Structures are given as C-alpha cells and as structure tokens.
Amino acid sequence: MLGACGMQKCHQEALKRNRVSLAKQLVLKELLEHLIEKDVITAEMVEIIQAKDGSFGQNVEFLNLLPKRGPKAFLFFCEALRETKQQHLEEMLLSTIPSQSNGSAKLNRGYEESLSFPVPESGILQKRQCLHPESMEYSLDNGDGPHYPQVKPCTPEFYHAHQHLAYRLISRPKGLALILSNVHFSGEKDLDFRSGGDVDHAALQKLFEYLGYQVFVRHDQTAQEMREELEKFSKEPAHREVDSCIVSLLSHGIEGGVYGVDGKLLQLPEIFRLFDNANCPGLQNKPKMFFIQACRGDETDRGVDQIDGSERADSPGCEESDAKMQENSKLRLPTCSDMICGYACLRGTAAMRNTKRGSWYVEALTSVFAEDSQNTHVADMLVKVNRLIKCREGYAPGTEFHRCKEMSEYCSTLCRDLYLFPGFYPGN
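All of these numbers come straight from a predicted model, not from anything done at the bench.

1. A word on helix 13 (residues 360-372)
And step 1. Across its 13 residues, helix 13 extends 18 Å between first and last C-alpha, which sits within 8% of the 18 Å expected from 1.5 Å per residue.
And step 2. In terms of burial, helix 13 is a largely internal element, 11 of the 13 residues being buried.
And step 3. Taken together, the buried positions of helix 13 are Trp360, Tyr361, Val362, Glu363, Ala364, Leu365, Thr366, Val368, Phe369, Ala370 and Asp372.

2. Some remarks on the sheet that holds strand 5 (residues 253-254)
And step 1. Ordered by their spatial adjacency, 3 strands build an open sheet running 5-6-7, and the pairing between neighbours is antiparallel. The sheet is open, and its two borders are formed by strand 5 and strand 7 (265-267), each paired with just one other strand.
And step 2. Where strand 5 lies against strand 6 (residues 257-259), 2 bridges are found, and the strand directions are antiparallel. Within strand 6, the residue paired with Gly253 across the bridge is Val258.

3. Describing the confidence of the model for the chain
Do not read the fine detail of predicted coordinates wherever pLDDT is low.
And step 1. This prediction gives the chain a mean pLDDT of 82; 81% of its residues lie at or above 70.
And step 2. pLDDT under 50 marks residues 1-5. Its contacts with residues more than four places away, or in other chains, come to 17 contacts.
And step 3. Across residues 100-116, confidence stays below pLDDT 50; counting only partners more than four residues off in sequence or on other chains, it has 35 contacts.

4. Regarding the packing of helix 10 (residues 197-210) against helix 13
And step 1. Two elements in contact, helix 10 and helix 13, have axes whose closest approach is 10 Å; the angle formed by their N-to-C orientations is 15 degrees. In terms of orientation, helix 10 and helix 13 fall into the roughly parallel class. Between helix 10 and helix 13 lies a crossing of left-handed hand. Contact residues: Asp200, Ala203, Leu204 and Leu207 in helix 10; Val362, Leu365, Thr366, Phe369 and Ala370 in helix 13.
And step 2. Split by residue class, the contact of helix 10 with helix 13 holds 7 nonpolar, 1 polar and 1 charged.

5. Quick look at the pairing of strand 2 (residues 175-181)
And step 1. Strand 2 sits mainly inside the fold: 7 of its 7 residues count as buried.
And step 2. The two faces of strand 2 match: Gly175, Ala177, Ile179 and Ser181 on one face and Leu176, Leu178 and Leu180 on the other face are all buried.
And step 3. Strand direction decides the pairing type here: strand 2 and strand 3 (residues 213-219), joined by 7 bridges, are parallel. Its bridge partner lying in strand 3, Ile179 is registered against Val217.
And step 4. In the sheet, strand 2 pairs with strand 4 (residues 244-250) via 7 bridges, with the strands oriented parallel. Paired with Leu178 across the bridge in strand 4 is Val247.

6. Brief notes about the nonpolar core
And step 1. Counting 52 residues, the largest nonpolar core has Phe208, Tyr213, Phe369 and Leu420 as its most contacted members.
And step 2. Counting residues per element, the ones that place at least two in this core are helix 9 (156-162), strand 2, helix 10, strand 3, strand 4, strand 8 (288-293), helix 13 and helix 14 (378-391).
And step 3. Among the elements that take part in this core, helix 13 stands out by supplying 8 residues, more than any other.
And step 4. Ignoring sequence-local partners within four residues, the contact set of Leu420 consists of Leu169, Lys174, Leu211, Tyr213, Met289, Phe369, Ser373, Val378 and Met381.
And step 5. Met7, Leu28, Leu35 and Leu93 belong to the second-largest nonpolar core, a separate cluster that totals 31 residues.

7. A word on the sheet that holds strand 12 (residues 409-412)
Backbone-to-backbone hydrogen bonds pair the strands of a sheet. The strands run either parallel or antiparallel.
And step 1. The mixed open sheet is built from 6 strands, whose spatial order is 3-2-4-8-9-12. The open sheet has two edge strands, strand 3 and strand 12, and neither has a second partner. With strand direction ignored, the average angle separating the axes of adjacent strands in the sheet is 10 degrees.
And step 2. Docked against the sheet, helix 11 (residues 223-234) engages strand 2, strand 3 and strand 4, running at close to 180 degrees with respect to strand 2.
And step 3. Here helix 14 sits on the sheet in contact with strand 8, strand 9 (339-343) and strand 12, set at roughly 160 degrees to strand 12.

8. Focus: the pairing of strand 4
And step 1. Counting buried positions over the 7 residues of strand 4 gives 7, a clear majority of the element.
And step 2. Residue alternation in strand 4 divides its side chains into two sets, Ser244, Ile246, Ser248 and Leu250 and Cys245, Val247 and Leu249, and both sets are buried.
And step 3. Here strand 4 pairs with strand 8 via 6 bridges, running parallel. Bridging across to strand 8, Val247 finds its partner in Phe290.

9. Some remarks on unusual backbone geometry
And step 1. Of note, the bond from Arg172 into Pro173 is cis; its omega dihedral lies within 30 degrees of zero at 0 degrees.
And step 2. Within the element layout of this structure, Pro173 appears in the loop between helix 9 and strand 2.
And step 3. The phi dihedral of Asp220 is positive, around 50 degrees, even though this residue is not glycine.
And step 4. With respect to the secondary-structure elements, Asp220 resides in the loop between strand 3 and helix 11.
And step 5. We classify Asp220 as partly exposed; its relative accessible area is 28%.
And step 6. Phi at Asn285 takes a positive value of approximately 65 degrees, unusual for a residue other than glycine.
And step 7. Locating Asn285 in the fold gives a position in the loop between helix 12 (268-274) and strand 8.
And step 8. According to the relative accessible area criterion, Asn285 is partly exposed, its value standing at 46%.

10. Here's the deal with the pattern of salt bridges
And step 1. Counted according to the given criterion, the structure contains 14 salt bridges.
And step 2. When the shortest N-O distance is used, the salt bridge between Arg168 and Asp243 registers 3.3 Å. Linking Arg168 in the loop between helix 9 and strand 2 with Asp243 in the loop between helix 11 and strand 4, this pair joins segments that are 75 residues apart in sequence.
And step 3. Measuring nitrogen to oxygen at the nearest pair gives 3.2 Å for the salt bridge that ties Arg218 to Glu229. With Arg218 in strand 3 and Glu229 in helix 11, this residue pair connects regions lying 11 residues apart in the sequence.
And step 4. What emerges from the salt-bridge pattern is a single network uniting Glu255, Arg296, Arg347 and Glu409.

Conventions used here
In this numbering scheme, every chain counts its residues from 1 along its sequence in written order. This being a predicted model, a pLDDT of at least 70 is required before a residue's local features are given, and a value of 80 or more before pairs of side-chain atoms are given or counted; all residues contribute to the totals for chains, interfaces and linings. Computation of side-chain values: all heavy atoms of the structure, hydrogens and water removed. Counting from the N terminus, the helices are the DSSP runs of H or I reaching at least four residues and the strands are the DSSP runs of E reaching at least two. Any helix carries an expected span of 1.5 Å times its number of residues minus one. Only protein chains enter the accessibility calculation, which uses a 1.4 Å probe; a residue whose area is less than 20% of its type maximum is buried, one above 50% is exposed, and one in between is partly exposed. The rule for pairing is simple: two strands pair if DSSP sees at least two bridges between them. On a range of 0 to 100, pLDDT expresses the predictor's confidence in each residue. By definition in these notes, contact holds between two residues if any of their heavy atoms fall within 4.5 Å. Between the N-to-C directions of two axes lies an angle of 0 to 180 degrees, each axis being a line fitted to C-alpha atoms and, for a helix, fitted only over the stretch in contact. We call two directions roughly parallel when the angle between them is under 35 degrees, roughly antiparallel when it is over 145, roughly perpendicular when it lies between 65 and 115, and oblique otherwise. Left-handed describes a crossing in which the near helix is turned anticlockwise from the far one by less than a right angle; the clockwise case is right-handed. Polar here means any residue outside two lists: the nonpolar Ala, Val, Leu, Ile, Met, Phe, Trp, Tyr, Cys and Pro, and the charged Asp, Glu, Lys and Arg; Gly therefore counts as polar. Only buried residues count toward a nonpolar core. Its members are Ala, Val, Leu, Ile, Met, Phe, Trp, Tyr and Cys residues joined through side-chain atoms within 4.5 Å. By salt bridge we mean one thing: a side-chain nitrogen of Lys or Arg within 4 Å of a carboxyl oxygen of Asp or Glu.

Right, dumping it as structure tokens:
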C-alpha cells in the first residue's frame, strides 16, 4: 500500500491545472483496474467513485482521491493512461510540469506523436502555447496537412439560365469578406490554444479569394476588438459598390456567442444586428453570408446506432396570406433579411477540429464550395456540407471522442437563390 504520504507538489499542480480536461475526458473503467493492481486505490474507493452520477462526477471524485495516494501515484496513473490508450492525457499532464521537475515523470510513451486528435471548440482548458493533446483528434484521413481546392468556374450558359431567379452577383470584387480568427487565448477563462485554427483561416481566405472576394483577415482579437472590427467593416462605404458580403468567425464559443482572446464573449445577435437593413444600408437587398466555426455548448455528440429501415421525411404544404399589401410611397423592408448563416454544430454541442487539417466544418465547407459553387446555390451547398459532416466520425480509442459525431446546420432569411457565379463577369 502506498500509504498517506503526499504526492509531489509538481504532480499535484499538473493534476490541478488540467482538472477540467481530465474530468471531461477520462475513461475510468479499465484504468481503475490497473490502479487497484498497483495499490494506488482500493476496491472500497472504487465503490465510492462509482456511486457518483455520470462519468464527469465519477472522474471528479477520482481526481479528489488521487493526490492523496502517495508519491508514486502520479507515475502509476500515467502508466495506466498509456495502458488504456489514453496517452494524450498523459502527454497533456507532462507538458505542464516544468522541465526541471519532470525527472522520472518523463516516461517512455509508445505512441506516434505526429498523429492528430478531436478537439472541442468550447476550449475551456489550460492556456498554453503548445499543442494540446486533450484537444486533438486522431486523423480521420491519410493526409497530413491542409488542402486548398481550386474553385471550378461558372459557365456563361449556366449564368444566363439562372441569373433571373438569383441575387445579382456580378460586381468585381463579388463582395467584401472578413475573417476573424482567434487561436491564442489569455484571460480568466483559460481557453486552450486552437491548434489547427491557422489551417481554417488560410483555407477560407483562399476559398473566398478564388470565389472573387476581397478578403480581410484579423487575428487574435479581444471581444471588444472584434466588436470594433465588425462595426468598422459593416460601415465600409465599399459595400455600396459590391453585390454581397461574407463574415467568418473562427474561435471558441458557447451557444449565442464567440470568445475573444481575452475570454470575454461577443454575442452573435449583436453581430447580426450590425449587418441588418437598419444598421447597414449599403447591403440592403444584398446577400450576407456568415460562417461560424465555434462550439455552441460543451456536449460531445456520441451518436446513436441507426435502425434499419427506409428514411422518411414529411413535406409540409405552403401557406399563403390573403392580406393585400398596402401601398406606400416608400418600399419598406423587414429589419433583418437576405442573410444566411452556417454553424459548425448544433445548439448545445461541441464542434470538432483536426490539428493538422483544421476543423471538420471548414474542411467540408471549402471542399463543397470549391466543387459545386459553379452550378449550385449556397443553401444547397450547405445541405451537402451537412451531409458530409453527418458521415464523419471521430477516431480516438480510449477517450470520449472515439466515434464522436458532429452535425452542422444553417439558418436563412434569403429571398432569392444565392449563386456565387465564380469566375463569371458579364461582358468579359
């Protein structure tokens, strides 16, 4: 038995600094058996742990007990993490121990450190500049870096056949695009480094440029700086001379808001309000696209097994109003219209990011838009993005992210088909 002798201070500090991540990600069942074998914990302690509700509560109880289990408890815990294929958690712990204190803690780790892992975008983890193993995912593909697909151009024949039902989109540039990308965080929230976030903003910048947009990218801004940048962009006089607008936000987030690098929230309704018909007259009757890569909660979608059988879908009928329009001398607009917003995930759930290829959502978005914008309108392309995200699955054995799922969605107040007509300008 290890007795009541305390754990080394540096090991206690490592557990404390990574407590939230461990509580969320630890898979205890097999790990506890290894620790019983090493006399780190007892069968009675296992009963106390298992009496708690849910995996998070059980993990918290375990983390309360572990620092009291002697000077070797930390090393046996790291060994058990490796034995149960949770090496990324061991690496997370060891990376927070000062090098002069590591000593025997730097155990041999028999796994390939070049693999990439699944990362939730809620990101309330330990702030460090290194890559966070707890926010990685095993790569789901053989590629080891970003892919920037070329956009296929629209043909004149397609433009002339579809432009009468579509938004006008023939200005040069097609519009202005703003990308706000937050990767390095500070502040009280302890938001983690968004490894792979640089891949996302580079991929979107290339995509928007290929589509014919003038692109502005801003990096690592506080919530107030983001607010000011968005307000400045919404009042840009050049909006009057172009046919559309794109805003993309890449950060950590929760439902209804995204985080600045200072850990403060910027509310999404506040952002949309800047571009509505009242506050942004230069974009009235013009399509405004928003793409948001951020968590909308911290629940990992574990997925469910599909029941065999054909899919069914209802097609609701259309509703008409018999009220006649009252003539006015000046046409009035609803306050908010002509917007479409794509979200990486559903309300309450986490968005996943690959540390080498970027986020699942941005990778799907750039792939679909590059391939299909030549002859498909934006709403249909976002349905295809949904389909790709629905089919994707995390691979991280021994963690809560193994076989995890994500589901993107979009909402729209568009009033016409939004074709991007890439590469086509009348009169060329």
